[in-house]
Each structure stands twice: as C-alpha cells, then as structure tokens.
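# Chains, contacts and geometry: an overview
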Amino acid sequence: MDSSFSRIASPLLTGLALTFALAACSSDKSTPSGTGGAAGASGAVGAGGAPVGAGGTPVGMGGAAPAAGGTPVGAGGMATGAGGTVAAGGAAGGGGMAGSGYVCTERAPADPGGTGAAMADCCMGTGKCADPTTLMGDAVKSYGHDTCAAPLVCSPPTPTTAPMSCTTKVGTSDPAGLEGRCVPKCFLTGNPLASLLDDGGTCPAGDSCAPCFSPVDGKSTGACNTGTDMPKNAAPMPYKLCPEGGDAGAQPYKGGGLCVPSSVVAKLSDKTSPLYNPAIPGLKQDNCAMGESCVPALKAANPGYCSMHCTTATTLTNAGYANGACTPIYVVFDTNGSAGVTIASGAGATMCGTDELCAPCKNPLTGGTPSGACY
C-alpha cells in the first residue's frame, strides 16, 4: 500500500517521534534481505585461535534471523569477502549522510588486504598467505586478508602448544564470562566483530580473547581446539529469539531479532565507535532478559552488514527521502510505534522481505538527520 503525505501530516504536526529504525545498511544485491545474509556453519578459528563466533555470511539489520547453525553475534563469519565491511566512520552525525545516505556502503573496507602473494609472510611474519579453498577446518572463514592480496587469507601456523587461556565478558550476559583463548588480532581481521573483542584482562598486547564457543549459537569456534587443547566449560545457550510478544501488549510484530547483551549494545551505541548505529539505543528489551536488547539478527552478528537498498513510499520519495533500506517491521515499531510503521510502508516496501519495511536513510521528521536504517 502507498501512503500519501496527507496521511502522514497529522503525525508530523503532532510531533510524533520517528527515528526510522534501524539497522540495515544497504547493498545493491538483488536478493531480498528477508532471505539473504543467512549464516553458514560455524567458521571459527581452529589452529591459531578464533574470533568470537561462527563463520558464514553474517547477519545485519534486515532479513530473517539466522537458521540453526547460522552465524551469530561475535561471529567469525565474513561480511563481504574475508575482510567484512565494518570500518572506521559512521560516527555521530552520520558520516556520509551528505551523500546518498548509505553510510554502510560508503565506508572503506576494514580489511582491504595488501599485496602478499601465496606463501608470503603475514601477521607480522607469524602467518602465511594462503588460498582459503586449500585450508581445512572451521578457522578458514574467520581469517582475513591482513597483508595478503585478496582473495588470499592470512593463515596461522600449526600450533605446537595450546594458546593461553582467558575469560571474556564480551557478548554474554553471564557474569562469569566466556572461556576463551588469546589469539593474535591479525588472525581475526576477517571477523566483522573483531573490534568488539577485548583482551580478557590477561592476554598479551596484540591479542584478543576469542571465546571457545560462539555466544550466539553456542557452536565451537575452534579457538580452544588447537593441538590437544579442549574447552573446559560447556557451550553457552544460544541467544534467544525476539520479539515474541510485544511491549505493553501492543506490539503485533514478532521475530527477526536476537537478544543481545548490554556489552554489545553499549558498543554499538557508542558514538566514538566505528560500529556506531544511531538507531541501536532506541531498541527495546521486548522479551529479552534484563539489560538485553532485541537487535535485528543480521545486524547483531555483523554491525557493518549492508542490507538491500530500496525506494521508499512515493510520497516520501517526492519529499526527497527516496533512499531507504529494508528494515524488520518490529524495529520500526519499537522505535516509532504504529505511526512509524505507517509512514515506512508504501510502494518501496515491495522490494523488501515480507516482514520488513523500506525505512528512509534520513529521518523526515527531524530535518533529514540519520535514521540508522542505512548504517
């Protein structure tokens, strides 16, 4: 259905808040975001350590939640190629909003690669550039290019001893944290959430504490399975699906999100972070545990994920807000209520998944400030 500007005039005049929600960043891919971005089977780092979680194509703001075995938050899956798409930029004010509004696609790649040929040194001389199709194990999908020429990835050496043990509280609501191993950061450059990882308080400089299991789907990352090393603790429970019901019993839109711990939400809400998204702070708890927020599954696994571009409703297009990104309906409702859902619907929504709306990159009710939809 198409909205008319007269139909949205009342919400505009009464000052109803519209922060067109969230999180998809856009790409020019023709695959609807409702079906795209599904994650693969766990692709964490084996020899040499692993990033936060499973491999496969990560998840972003638009599209469906990952299927069983899909890539989760903290996942080690690769965004666009081994290097992902998360990069510096997109700080408060929207970074690139003066142009198309698609901040996500205007960022430079976080892991562009270098010029290293096959078998050239990488990771400060500790690894070798290799064709990923010749490598075995879950670790492969977590390796990035580092100084290697794409599509080569930087592969760690075969370990002779178990990595140093560590505990990280990133990506979990469990106060005990997650068991992990210290892994050189240059073997994690293919992880779209590498910048979220910390050193666990015990890892040496240049290392991150990579969990043994993905905190999102509970699958092994391979970080704790090098040589004779094995995890000492059981895998955590996967992130809970959300929303199930609705806030104050009024929210009719269900599914499409994952319950993300405050440690991750805080990072994505930090205006100084390269992963910042202005819509994240507006997400609700929904049916998640205290301190957690219901973040779109695709965005939860990869904050730099770019969802499909779309054209907004005719009236918004005519008003100069044509550029939009496919966004889960529940997100629009969480941040704007039913008024937001009405305004975000229209002809442009036909390009998106059945559970998505075409939310404009720039908020028409705030003079064109970033909505977060195209981050």
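Bear in mind that the values here come from a model prediction, so they are computed numbers and not experimental data.

Analysis parameters
- Position labels on residues start from 1 in each chain and follow its written sequence.
- Two thresholds apply to this predicted model, a pLDDT of at least 70 for residue-level local features and 80 or more for giving and counting side-chain atom pairs, whereas whole-chain, interface and lining totals are computed over all residues.
- With hydrogens and water excluded, all non-hydrogen atoms of the structure serve as input to the side-chain values.
- Helix and strand assignments follow DSSP, with helices taken as H or I runs no shorter than four residues and strands as E runs no shorter than two, numbered in order from the N terminus.
- In this scheme, a residue with accessible area under 20% of its type's maximum is buried, one over 50% is exposed, and one in between is partly exposed, where area comes from a 1.4 Å probe on protein chains only.
- Charge assignment: positive for Lys and Arg, negative for Asp and Glu; neither His nor the chain ends contribute.
- By definition here, a salt bridge exists when the distance from a side-chain nitrogen of Lys or Arg to a carboxyl oxygen of Asp or Glu is within 4 Å.
- Within 3.5 Å is the distance limit for a polar contact, defined as a pair of N or O atoms, with the added protein rule that one can donate a hydrogen and the other accept it, and that residues adjacent in sequence qualify only through two side-chain atoms.
- Strand pairing is assigned whenever DSSP detects at least two bridges linking the two strands.
- A pair of aromatic rings is counted whenever rings of Phe, Tyr or Trp (Trp by its six-membered ring) have centres within 6.5 Å, and the orientation is called stacked for planes under 30 degrees apart, edge-to-face for over 60 and tilted otherwise.

Time to look at the side chain of Glu356. By the element assignment, Glu356 lies in strand β13 (residues 356–360). Although Glu356 is buried, it makes no salt bridge; Lys299 carries the closest opposite charge, 12 Å away. Only 2.7 Å separates the side chain of Glu356 from the backbone nitrogen of Gly353, close enough to count as a polar contact.

Spatial ordering of the open sheet is given by β2-β3-β4, a layout of 3 strands whose pairing is antiparallel. Unpaired on one side and paired on the other, β2 (121–122) and β4 (153–155) mark the two borders of the sheet. Relative to strand β3 (residues 127–130), β2 runs antiparallel, the two sharing 2 bridges. Counted as the bridge partner of Asp121 is Lys128 from β3.

As a further point, take the pairing of strand β10 (residues 293–296). Residues of β10 alternate between two faces, with Ser293 and Val295 on one and Cys294 and Pro296 on the opposite face, all of them buried. Where strand β9 (residues 257–260) lies against β10, 4 bridges are found, and the strand directions are antiparallel. Bridge pairing links Leu258 to Val295 in β10.

Attention now moves to the sheet that holds β9. Adjacent strands of a sheet form backbone hydrogen bonds with each other and so pair up, either parallel or antiparallel. A sheet is described by the order of its strands in space; here 3 strands give the open sequence β8-β9-β10, paired in antiparallel fashion. Every interior strand has two partners, whereas the edge strands, β8 (241–242) and β10, have only one. Bridge count between β8 and β9: 2 bridges; the pairing is antiparallel. Pairing of Cys242 across the sheet is with Gly257, part of β9.

Turning to the packing of aromatic side chains, a few remarks are in order. Considering all chains together, one arrives at 1 aromatic pair under this definition. Seen from their ring centres, Tyr276 and Tyr375 are 6.5 Å apart, and the 85° between their planes marks the pair as edge-to-face. Of this pair, Tyr276 sits in the loop between α3 (262–268) and β10 while Tyr375 is found in the segment after β15 (369–370), placing the two residues 99 residues apart along the sequence. Exposure remark for Tyr276: the relative accessible area of 7% places this residue in the buried category. Classification of Tyr375 as buried rests on a relative accessible area of 1%.

Tallying each qualifying case throughout the model produces 3 salt bridges. Among the salt bridges present, the one from Lys128 reaches Asp121, with a minimum N-O distance of 2.5 Å. When its relative accessible area of 47% is taken as the criterion, Asp121 is described as partly exposed. Each member of the salt-bridge network shares a partner with another, and the members are Glu179, Arg181 and Asp229.

The analysis is restricted to geometry; functional conclusions fall outside its scope.
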